[in-house]
Amino acid sequence: MPFIQLRDIPVNYQIYNAESTSETIVFIHGLGLNQEVWEPILPYFYAHYRVVAFDLRGHGRTDRGDAALSWELFTEDLRLLLLQLELGPVHVLGHGFGATLAVKFSILHAELVKSLLLLSTPAFLPRKTIESAVHIRKRLTSKGSMLSLAESMVSGIFKLSPDNGLYGKIISAYMSVAPDTYFDTLELYMKSPVNMDFGQLAHPTLTLVGSEDSLSLTSNALSSQLLMHSSLIVVPGATNTLFIDQPQFTFERVREFIADPSQVVTDYASFECHVAKYVMQYFNDAFEQLLNKKAVQA
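Everything in this summary refers to the structure shown in the same document. Within any chain, residue numbers begin from 1 and follow the written order of that chain's sequence. Where totals are concerned, whole chains, interfaces and linings use all residues; where local detail is concerned, this predicted model gives features only for residues with pLDDT of at least 70, and gives and counts side-chain atom pairs only at 80 or more. Note: side-chain values were computed over all heavy atoms of the structure, leaving out hydrogens and water.

1. A word on the overall build of the chain
Which entries qualify depends on this criterion: A run of H or I in DSSP becomes a helix once it reaches four residues, and a run of E becomes a strand once it reaches two; helices and strands are each numbered from the N terminus. Think of it in three bands: residues with accessible area under 20% of the maximum for their type are buried, residues over 50% are exposed, and the middle band is partly exposed, with areas taken using a 1.4 Å probe on protein chains only. Exposure was quantified through the Shrake-Rupley algorithm and a 1.4 Å probe, taking into account, for residues, occlusion by the shown protein chains and nothing else.
For the chain, the count of helices and strands is 12 helices and eight strands. The proportion of buried residues among the 298 residues of the chain is 52%. Total accessible area computed for the chain in this model is approximately 13100 Å², and 54% of it derives from carbon and sulfur atoms.

If you want it as structure tokens, here you go:
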């Protein structure tokens, strides 16, 4: 895979169907992952579009560099990548952290974006929820290795079994990210909550959430701004990595949206059907924690 120099670091990237004059889609992977995670869904896309995938700063084969990690740094990396490859405006497809980055990029550089395609977006994450996640994940990396965290994420949130072809690749992706890079990046969610950005969205936006992704379903339900500014579709039989679990379904919904965003509307019935139990569980857990805290203080 080729590299392109962006300021202080060489960035690992790949262009599929490079000579095509069709629409261009830029794929941005999630935290701890790399561009290899797109393998199951890429063939669907590059048969119809020009596709650009790359490793984020500090991930995969892309160096972290010496600058302090920030949303500004990540968005500037993406801007320079598009400019040097002479691309834009483009459709931006992101997963998790990559979806959050796509939102922030579209606000800062609206002229380079045609539409947003957001997979498993952490739309609303209360600070306590993030703090709890950070605490648990730091405990898993307390010995300086990302292995326990990787295994926890792959089997827990992604629900991949060891016989899945991507299981080992995702483990390796996490292992290639330094723990301090991982947590410095995760800290960005706490410094700048993404739900505050949704009211500023100016591009056609499609959000896809897996029906078995309790965190993303709950966070989207608790963020009314996202529902007002995007079309939302629940992907059946899918977890956080819906592009692995249901690649064809995910591709078809994205292709329909790119063809005519006005024809793709929020699937409220499916959303409400799947989200209710997770939202109720979220508030039940929060209420129990409050009661336990008051009991200790009494």
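2. Focus: helix α11 (residues 247-259)
What counts, and what does not: A helix is expected to reach a length of 1.5 Å times the quantity of its residues less one. Starting at the helix axis, one direction is taken to each C-beta atom, and the arc is that of these directions.
Relative to the 18 Å expected for 13 residues at 1.5 Å per residue, α11 spans 18 Å between its end C-alpha atoms, a close match to the ideal helical length. Looking only at α11, the buried set comprises Pro247, Thr250, Phe251, Arg253, Val254, Phe257 and Ile258. All buried residues of α11 project into a common sector of 165° when viewed along the axis, lining one side.

3. Let's talk about the pairing of strand β2 (residues 9-16)
For a regular strand, the rule is simple: side chains alternate between the two faces of the sheet. To be explicit about the condition: Criterion used throughout: strands pair if DSSP finds at least two bridges between them.
Direction of pairing for strand β1 (residues 3-6) relative to β2: antiparallel, over a ladder of four bridges. Within the sheet, the bridge partner assigned to glutamine 5 lies in β2 and is proline 10. The turn joining β1 and β2, which pair antiparallel and follow one another in sequence, is formed by two residues; a positive phi near 55° is taken by arginine 7. Relative to strand β4 (residues 50-54), β2 runs antiparallel, the two sharing four bridges. Bridge pairing in β4 places tyrosine 16 opposite valine 51.

4. Structural notes on the pairing of strand β8 (residues 231-235)
Of all five residues in β8, five are buried, a share of seventy percent or more. With five bridges connecting them, strand β7 (residues 205-210) and β8 associate as parallel partners. Considered in β8, the bridge of valine 209 is made with valine 234.

5. What about unusual backbone geometry?
The step from glycine 88 to proline 89 runs through a cis peptide bond, and the omega angle for that step is 0°. Turning to its location among the elements, proline 89 is positioned in the loop between α2 (71-84) and β5 (90-95). Residue asparagine 17 is not a glycine yet carries a positive backbone phi of 55°. Residue placement: asparagine 17 occurs in the loop between β2 and β3 (24-28). For glutamate 86, which is not glycine, the phi dihedral falls at a positive 55°. Mapping glutamate 86 onto the fold places it in the loop between α2 and β5. Exposure remark for glutamate 86: the relative accessible area of 72% places this residue in the exposed category.

6. Observations regarding the packing of aromatic side chains
Here is the rule: Only Phe, Tyr and Trp rings are paired, with Trp represented by its six-membered ring, and only when their centres lie within 6.5 Å; those with planes under 30 degrees apart are stacked, over 60 edge-to-face, the remainder tilted. For a lysine, the NZ atom is tested; for an arginine, the CZ atom; a charge sits over a ring if that atom is within 6 Å of the ring centre and within 35 degrees of the ring normal.
Scanning the entire structure with this criterion turns up 13 aromatic pairs. Seen from their ring centres, phenylalanine 45 and tyrosine 49 are 6.1 Å apart, and the 40° between their planes marks the pair as tilted. Here the two residues phenylalanine 45 and tyrosine 49 agree in accessibility, since each one is buried. Grouped by ring-pair contacts, the aromatic residues Phe27, Trp38, Tyr44, Phe45, Tyr49, Phe243 and Phe251 constitute a single cluster. Against the face of phenylalanine 249 rests arginine 253, its NZ or CZ located 4.6 Å from the ring centre.

7. Some thoughts on the pattern of salt bridges
As a reminder, the rule being used: We count a salt bridge whenever a side-chain nitrogen from Lys or Arg sits within 4 Å of a carboxyl oxygen from Asp or Glu.
According to the stated counting rule, one finds 11 salt bridges in the structure shown. A single salt-bridge network, built from bridges that share partners, covers Arg7, Asp8, Arg57 and Asp77.

8. Some details on helix α3 (residues 97-108)
Note the threshold: Note on contacts: a residue pair is in contact if any heavy atoms of the two residues lie within 4.5 Å.
Under the 1.5 Å per step criterion, the end-to-end length of α3 is 17 Å for 12 residues, consistent within 8% with the ideal 16 Å. Counting buried positions over the 12 residues of α3 gives 10, a clear majority of the element. Taken as a whole, α3 has its buried residues at Phe97, Gly98, Ala99, Thr100, Leu101, Ala102, Val103, Lys104, Phe105 and Ser106. Structurally, α3 contributes buried residues whose contacts are with β3, α2, β5, β6 (113-119) and α7 (179-191).

9. Details of the packing of α2 against α3
Worth spelling out the cut-off: Helix axes are fitted only over the stretch in contact, all axes being lines through C-alpha atoms; the angle between N-to-C directions runs from 0 to 180 degrees. When describing relative orientation, an angle under 35 degrees is termed roughly parallel and one over 145 degrees roughly antiparallel, while 65 to 115 degrees is termed roughly perpendicular and anything else oblique. Gly is put with the polar residues, along with every residue not named as nonpolar or charged; the nonpolar set is Ala, Val, Leu, Ile, Met, Phe, Trp, Tyr, Cys and Pro, and the charged set is Asp, Glu, Lys and Arg.
Put simply, α2 and α3 touch, their axes get as near as 10 Å, and they point 75° apart. In terms of orientation, α2 and α3 fall into the roughly perpendicular class. Only Phe97, Thr100, Leu101, Lys104, Phe105 and Leu108 of α3 make contact with α2, whose side of the interface consists of Trp71, Phe74, Thr75, Leu78, Arg79 and Leu82. Of the residues that constitute the contact of α2 with α3, the class distribution is eight nonpolar, two polar and two charged.

10. With respect to the nonpolar core
For clarity, the threshold we go by: By nonpolar core is meant a set of buried Ala, Val, Leu, Ile, Met, Phe, Trp, Tyr and Cys residues that side-chain atoms within 4.5 Å join together.
Of all hydrophobic cores here, the largest spans 85 residues; its most connected members are Phe27, Trp38, Phe45, Ile170 and Tyr182. For this core, the element with the highest residue contribution is α2, accounting for seven residues.

11. Some words on the environment of leucine 112
Along the chain, leucine 112 turns up in the loop between α3 and β6. With 24 residues separating them along the chain, leucine 112 and glycine 88 place their C-alpha atoms 5.0 Å apart. Here leucine 112 is in contact with Arg79, Leu82, Leu87, Gly88, Pro89, Val90 and Phe105, once residues within four sequence places are set aside.

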